[in-house]
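One letter stands for each residue in the lines below.
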Amino acid sequence: MNNQRPLLIATLLLTTLAFAQNSPTPPKITYLRCGSLIDGKSDLPRKNVVIAIEGDKIRDVGARAPSGSDVIDLSRETCLPGLIDTHTHVLLQGDITAADYDEQLLKQSPEYRTILATVNARRALDYGFTTIRDLETEGASYADVDVKKAINNGVIPGPRMQVATRALDVTGAYPLVGYAPNVSVPHGVQVVDGPDSARKAVREQIMYGADWMKVYSDRSYRVRDDGVLDDIPTFTLDELRAIVDEAHREHHKVASHAMALNGVHNSVEAGIDSIEHGNYIADADLKTMAAHGTFYVPTIFVGAYVAEGRAAAGAPVWVKMLAIHEDTFRRAMKAGVKIAFGTDAGGFAWTVNPAKEFAYMVKWGMTPAQAIHSATSSAAELLDWSDQVGSIDSGKFADIVAVPGDPLADITVLERVDFVMKGGEVVKKP
């Protein structure tokens, strides 16, 4: 019996060692100490809140940091959920005039444009936008799918992305246009005509990685004598309905570039999920949007940014559209339409901070809290990602930003994000 004791002890030691080696490493917990917290849900901030981060998720809000734990001190900052921009173009570098747009499609290769897109994705993240919906590549095919893939695989830094790939429009309605009939030029969209062609394009884009469909529903804008912004609709109602039906059948949503009377009306009638720009929306269509939960993504700043340049290039209507847009925005709020933050970044240079949009929203009637909600919980709802992002809650991704001030008192503070965490990883700090 005594001879077996050393063997038994050795066996126990080996078993204990093997168990220790196979035991999972305790998860690392990081704590953020926020001087003030705007959680994306409430209109009121909370003071002196500690957030516990485990891995890439929020473990607890209102935690207590044990002595000796890893604490990031943001006690002089206001913490918010990572911001969400629901209308961007990482493959575009600004297109105030047609010449700007033609230059990119004719003189820059898709490969070079994709390299620039990776820089823009990093810029979006540095500005505090941890999630974006990128609404088409403007002639760069499916490059947005690869940018998204590279971010998800950790190859390049950037926000979480939903992408719309090529977008859809009809023959003769979208650049490049104006070239001689014998000169073959690229298009900024996938050109489709007729319901069957439209359905096929939806299937093709989904096959190659589109999360959203995007359609251009109007063009050629003019202000009527009664002040209504009029347009020429692109798709027929049958074509739009075919696109929406096919996308919804495959559990995808549709965004519509619709700036004026007919484009908006046809989009709403067809069951579009979000109206992009919406400089003029009739009261009846606002009522339908509110009843159906159709989102409005107003992209105010880009209109102001490009107005003078486009007027100088021969389209003075763009200056008149600003006042019309403000009236529409105020009527949309009064009608109870859901509004999500979107900037059209890429329509203006990515060196300009997209957070400038917030100041316009507040100037046009939103409270700072409403503007923040539009870029957090409301934007997450539009993307169907409310269970992942848009608010600071246990179980959601640890996408958190901080600013050196109070955005509820001065919304422009959001243009000075100095701390960014995406998925528990700090990518920018004061």
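Scroll up to find the structure this text is about.
Overview of the structure. (Residues numbered from 1 in each chain as written. Predicted model: local features only at pLDDT ≥ 70, side-chain atom pairs only at ≥ 80, totals over all residues. Heavy atoms only, no water.)

**A closer look at the pairing of strand β7 (residues 160–163)**
Phase 1: The alternating pattern of β7 places Arg160 and Gln162 on one face and Met161 and Val163 on the opposite face, and all of these are buried.
Phase 2: The pairing of strand β6 (residues 129–134) with β7 spans four bridges and is parallel. Bridge pairing in β7 places Asp134 opposite Val163.
Phase 3: Taking the sense of rotation as the criterion, the β-α-β connection linking β6, helix α4 (residues 143–152) and β7 turns out right-handed. (Buried < 20%, exposed > 50% of the residue type's maximum accessible area, 1.4 Å probe, protein only. Helix = DSSP H or I, 4+ residues; strand = E, 2+ residues; numbered from the N terminus. Pairing = 2+ DSSP bridges. Right-handed = clockwise from strand over helix to strand, strands pointing away.)

**A look at the packing of helix α6 (residues 237–249) against helix α7 (residues 261–270)**
Axis angle and axis distance: for two packed helices, these are the angle between their axes and the distance between the axes, and together they describe the pair.
Phase 1: Interaxial distance between α6 and α7 falls to 9 Å at its minimum, and their mutual angle equals 45°. One element, α6, and the other, α7, form an angle in the oblique class. Handedness of the α6/α7 crossing: right-handed. Residues Leu237, Leu240, Arg241 and Val244 of α6 pack against Asn266, Ser267, Glu269 and Ala270 of α7.
Phase 2: For the contact of α6 with α7, the class distribution of residues is four nonpolar, two polar and two charged. (Axes fitted to C-alpha atoms, helices over the stretch in contact; angles between N-to-C directions. Parallel < 35°, antiparallel > 145°, perpendicular 65-115°, else oblique. Left-handed = near helix turned anticlockwise from the far one by under 90°. Contact = heavy atoms within 4.5 Å. Nonpolar A, V, L, I, M, F, W, Y, C, P; charged D, E, K, R; others polar.)

**Regarding the state of the cysteines**
Phase 1: Taken as a whole and assessed by the stated rule, the structure comprises one disulfide.
Phase 2: Here Cys34 is linked by a disulfide to Cys79, with a sulfur-sulfur distance of 2.3 Å. When the S-S torsion is -95°, as for the bridge of Cys34 with Cys79, the disulfide is left-handed. Of this pair, Cys34 sits in strand β1 (residues 29–37) while Cys79 sits in strand β4 (residues 70–81), placing them 45 residues apart in sequence. Both residues of the pair, Cys34 and Cys79, count as buried. (Disulfide = S-S within 2.5 Å.)

**Quick look at helix α9 (residues 300–312)**
Phase 1: The largest bend in α9 is about 40°, located at Val306.
Phase 2: Ile300, Phe301, Val302, Gly303, Val306, Ala307 and Arg310 are the residues of α9 that are buried.
Phase 3: Positive backbone phi, at 110°, marks Gly314, one or two positions downstream of α9. (Bend = angle between axes of the 7 residues up to and from the residue.)

**A few points about the environment of Arg160**
Phase 1: Among the structural elements, Arg160 can be located in strand β7.
Phase 2: The sequence separation of Arg160 and Thr131 amounts to 29 residues, and the corresponding C-alpha distance is 4.4 Å.

**Quick word on the sheet that holds strand β2 (residues 46–54)**
Phase 1: In spatial order, the strands read β3-β2-β1-β4-β17-β18-β19; together these seven strands make up an open sheet with mixed pairing. The two strands at the open ends of the sheet, each matched to only one other strand, are β3 (57–61) and β19 (425–428). Between one strand axis and the next, the sheet turns through 40° on average, direction left out of account.
Phase 2: Pairing of strand β18 (residues 419–422) with β19, which is carried by three bridges, proceeds in the antiparallel orientation. By the bridge assignment, Val420 is partnered in β19 with Lys428.

**Section: α7**
Phase 1: Inspection of α7 places Gly263, Val264, Asn266, Ser267, Val268 and Ala270 among the buried residues, and these make up the whole buried set.
Phase 2: On its buried face, α7 sits against β11 (218–223), β12 (229–233), α6, β13 (253–258), β14 (274–277) and α8 (283–292).
Phase 3: Directly beyond the C-terminal end of α7, a positive phi value near 90° is found at Gly271.

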